[in-house]
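Topology and contacts: notes
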Amino acid sequence: MKIAEKIIEIGSRPAFVQFLRFCIIGTLSAAVHYGIYYLLQFWIDLNIAYTAGYILSFIGNFLATNYFTFRTRPTWKNFFGFAGSHSLNYLLHIALFNLFLYLGVHRLVAPPLVMLVAMLVQFTILRFIFVKKKL
């Protein structure tokens with residue numbers, strides 16, 4: 001099989017397409033999160049600014065993850081699963097954020113590093129919540 005055919009085959013797999021959509025939504029959500037953090041970090045504690053950005057980006061992320069990433073309708077069950085996974089994700093975020101700050105990473109560089117590390121963990125958790133059958 002030629003390389004181009006293999007790339008087309010992989011690109012047409014439902015799980016790969018979901019992952020691409022997940023990355024798009026995650027990027028937009030991360031931009032909202034970082035934007036809010038960036039604005040607030042000048043006036044309030046860094047952890048509070050980071051948390052406020054996380055919470056506000058969570059709302060749009062939940063809806064977009066349902067409608068765009070996994071092509072599902074929002075339900076209370078999905079909301080609580082999403083909130084539960086994001087609770088774990090938030091703990092990972094805030095721990096990594098503080099670790100990076102402790103290690104001397106600049107406060108404007110730490111959030112993107114945290115988001116990069118947490119992205120794959122979050123996708124794996126959410127896939128178990130939203131996808132009922134193996135693709």
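Predicted model only: the values in this text are computed from it and were never measured.

With 27 residues, helix α4 (residues 76-102) should reach 39 Å at 1.5 Å per residue; the first-to-last C-alpha distance of 38 Å fits that figure. Along α4, the residues classified as buried are N78, F82, S85, H86, N89, H93, I94, L96, F97 and F100. Here the buried face of α4 lies against α2 (14-40), α3 (46-69) and α5 (110-130).

The grouping of Y38, L39, F42, W43, I44 and I48 at the surface amounts to a nonpolar patch, some 660 Å² of accessible area in total. Following the sequence through the fold, L39 ends up in helix α2.

Attention now goes to the layout of surface pockets. Empty space within the largest pocket amounts to approximately 360 Å³. Looking at the largest pocket, it is lined by 23 residues, and the ones nearest its centre are G26, A30, N61, H93 and M115. Elements supplying a minimum of two residues to the lining of the largest pocket: α2, α3, α4 and α5. In terms of residue count, the dominant contributor to the lining of the largest pocket is α2 (eight residues). Tallied by class, the residues present in the lining of the largest pocket amount to twelve nonpolar, eleven polar and no charged.

The subject of this paragraph is the environment of F70. Along the chain, F70 falls in the loop between α3 and α4. Separated by 65 residues in the primary sequence, F70 and E5 have C-alpha atoms spaced 26 Å apart. Excluding its chain neighbours within four sequence positions, the residues that come into contact with F70 are Q18, T65, F123, L126, R127, F130 and V131.

As a further point, take the confidence of the model for the protein. When the pLDDT values of the protein are averaged, the result is 86; 92% of them are 70 or greater. Ranking the helices and strands of the protein by mean pLDDT puts α3 first, with 92, and helix α1 (residues 3-11) last, with 66.

Reading the values: the criteria
Residues numbered from 1 in each chain as written. Predicted model: local features only at pLDDT ≥ 70, side-chain atom pairs only at ≥ 80, totals over all residues. Heavy atoms only, no water. Helix = DSSP H or I, 4+ residues; strand = E, 2+ residues; numbered from the N terminus. Expected span 1.5 Å × (residues − 1). Buried < 20%, exposed > 50% of the residue type's maximum accessible area, 1.4 Å probe, protein only. Contact = heavy atoms within 4.5 Å. Patch = residues over 30% accessible without salt bridge, like charges linked within 9 Å, V, L, I, M, F, W, Y side chains within 5 Å. Areas by Shrake-Rupley, 256 points an atom, 1.4 Å probe, with all protein chains shown as cover. Salt bridge = Lys/Arg side-chain N within 4 Å of Asp/Glu carboxyl O. 1 Å grid on protein atoms, 1.4 Å probe; cavity = no way out; pocket = protein on both sides within 12 Å on 5 of 7 lines; lining within 4 Å. Points joined across faces, edges and corners; volume = space filled by probe spheres on them. Nonpolar A, V, L, I, M, F, W, Y, C, P; charged D, E, K, R; others polar. pLDDT = per-residue confidence, 0-100.

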